[in-house]
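A look at the structure
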Amino acid sequence: GDSVTQMEGPVTLSEEAFLTINCTYTATGYPSLFWYVQYPGEGLQLLLKATKADDKGSNKGFEATYRKETTSFHLEKGSVQVSDSAVYFCALELTGGFKTIFGAGTRLFVKA
Amino acid sequence: DVKVTQSSRYLVKRTGEKVFLECVQDMDHENMFWYRQDPGLGLRLIYFSYDVKMKEKGDIPEGYSVSREKKERFSLILESASTNQTSMYLCASSSGARLGGYTFGSGTRLTVV
């Protein structure tokens, strides 16, 4: 069935370090792919998205590229800040938009 | 600024009570969703609705019901609250068009004692 697998956390980095959070998916058809971020005590916020193969989504210095050949959508940021500490969710949206499948989430801690 | 508003951030209810969680969106979105989020279990879909008065069961509908009488409002009802329904509840909405992603509310942390 359709699924999303993302790397387990927590991930702990120092400020200004490079971030990669891996995400792979299994899906029939041509899903859209998303990264959401959840700050402590809050709901999820859409961070970036990509709708077709080779699309690159970007926002707030974060990037992810839709790789159909490797069924991946890895999240990257060149230089993290303490304020990036949060839980990051990879997700895929199936055709019709009625259902989104979320990964388990990866907690990121950034130390000053 | 568009938003999804959940009526309560924190709620404490007693076992057996009927509990209503309210969610309102101002984006004229067709689709609305209720999830619960628990440590180690991620987000689990309870119910969703793709139109007024329409509802579909998600992955874990047992013990819950929903109501959507108006397009902007989607209510989650715990008919008889139990301690295993202590959780963070998240409401979300999306447009009928593909690819937009979800807009989430801030969540309601429900504790059943």
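In this report, the structure presented in the accompanying data block is examined. Note that the structure is a prediction, hence the values are computed from the model and not measured.

1. What to know about the interface of chain A and chain B
Each partner contributes to the interface: chain A provides 22 residues, whereas chain B provides 21 residues. Here chain A meets chain B over a buried area of about 1,800 Å², counting both sides, of which 50% is carbon and sulfur. The closest approach of N and O atoms between A:Glu42 and B:Arg9, which form a salt bridge, is 3.7 Å. If you look at where chain A meets chain B, you find five residue pairs in polar contact (both at pLDDT 80 or more). Looking at the side of chain A that touches chain B, the elements that each hand over two or more residues are strand 5 (32-38), strand 6 (44-50), strand 10 (86-93) and strand 11 (100-102) of chain A.

2. Some details on the sheet that holds strand 9 (residues 75-77) of chain A
All names here are of chain A. Taking strand neighbours across the sheet as the criterion, the four strands line up as 3-9-8-7 in an open arrangement whose pairing is antiparallel. Each edge of the open sheet is held by one strand with a lone partner, namely strand 3 (19-21) and strand 7 (56-59). For this sheet, the mean inter-axis angle between neighbouring strands, taken without regard to orientation, is 15 degrees. Looking at chain direction, strand 7 and strand 8 (residues 62-65) are connected through four bridges and run antiparallel. In the strand pairing of strand 8, Ser58 is matched with Glu63.

3. Quick look at the pattern of salt bridges
A side chain with one charge may pair with a side chain of the opposite charge, provided their charged atoms come close. Residue and element names in this part refer to chain B. On inspection of all chains with the given rule, the structure shows ten salt bridges over all chains. In this structure, the salt-bridge partner of Arg73 is Glu22, at a minimum N-O distance of 3.9 Å. Here the residue Arg73 occupies a position in strand 9 (residues 73-78), and Glu22 occupies one in the loop between strand 3 (19-21) and strand 4 (23-25), the gap between them amounting to 51 residues. Overall, Glu22 belongs to the partly exposed group, its relative accessible area being 23%. Put simply, Arg36 and Asp38 hold a salt bridge, and the shortest N to O gap is 2.8 Å. Taken together, the shared-partner salt bridges connect Arg36, Asp38 and Arg44 into one network.

4. Description of the environment of B:Ser65
Residue and element names in this part refer to chain B. Position of Ser65 among the secondary structure elements: in strand 8 (residues 64-70). Counting along the chain gives 16 residues from Ser65 to Ser49, while the straight-line C-alpha distance between them is 12 Å. Not counting chain neighbours up to four residues away, the residues in contact with Ser65 comprise Tyr47, Ser75, Leu76, Ile77 and Glu79. Within the structure, the side chain of Ser65 is placed 2.8 Å from the side chain of Glu79, a separation counted as a polar contact.

5. Observations concerning the packing of aromatic side chains
All told, the structure shown has 14 aromatic pairs over all chains when counted by the stated rule. Relative to B:Tyr102, the ring of A:Phe102 has its centre 6.3 Å away and its plane inclined at 65 degrees; by these criteria the two rings are edge-to-face. One end of the pair, A:Phe102, is in strand 11; the other, B:Tyr102, is in the loop between strand 10 (87-94) and strand 11 (103-104), on a second chain. The exposure class assigned to A:Phe102 is buried, which follows from its relative accessible area of 12%. Taking the relative accessible area as the measure of exposure, B:Tyr102 reaches 2% and is therefore buried. Look at B:Phe33 and B:Phe48: their rings are 6.0 Å apart centre to centre, the planes differ by 25 degrees, and that puts the pair in the stacked class.

6. Focus on unusual backbone geometry
Residues and elements named next belong to chain A. Cis geometry marks the peptide bond from Gly9 to Pro10; its omega dihedral reads 0 degrees. Positive phi, close to 75 degrees, is recorded for Asp54, a residue that is not glycine. Along the chain, Asp54 turns up in the loop between strand 6 and strand 7.

Analysis parameters
- Residues numbered from 1 in each chain as written.
- Chains lettered and ligands numbered in written order.
- Predicted model: local features only at pLDDT ≥ 70, side-chain atom pairs only at ≥ 80, totals over all residues.
- Heavy atoms only, no water.
- Contact = heavy atoms within 4.5 Å.
- Buried area = accessible area lost by both parts, 1.4 Å probe.
- Salt bridge = Lys/Arg side-chain N within 4 Å of Asp/Glu carboxyl O.
- Polar contact = N/O pair within 3.5 Å; in protein donor to acceptor, adjacent residues only side chain to side chain.
- Helix = DSSP H or I, 4+ residues; strand = E, 2+ residues; numbered from the N terminus.
- Pairing = 2+ DSSP bridges.
- Axes fitted to C-alpha atoms, helices over the stretch in contact; angles between N-to-C directions.
- Buried < 20%, exposed > 50% of the residue type's maximum accessible area, 1.4 Å probe, protein only.
- Phe/Tyr/Trp six-rings, centres within 6.5 Å; stacked < 30°, edge-to-face > 60°.

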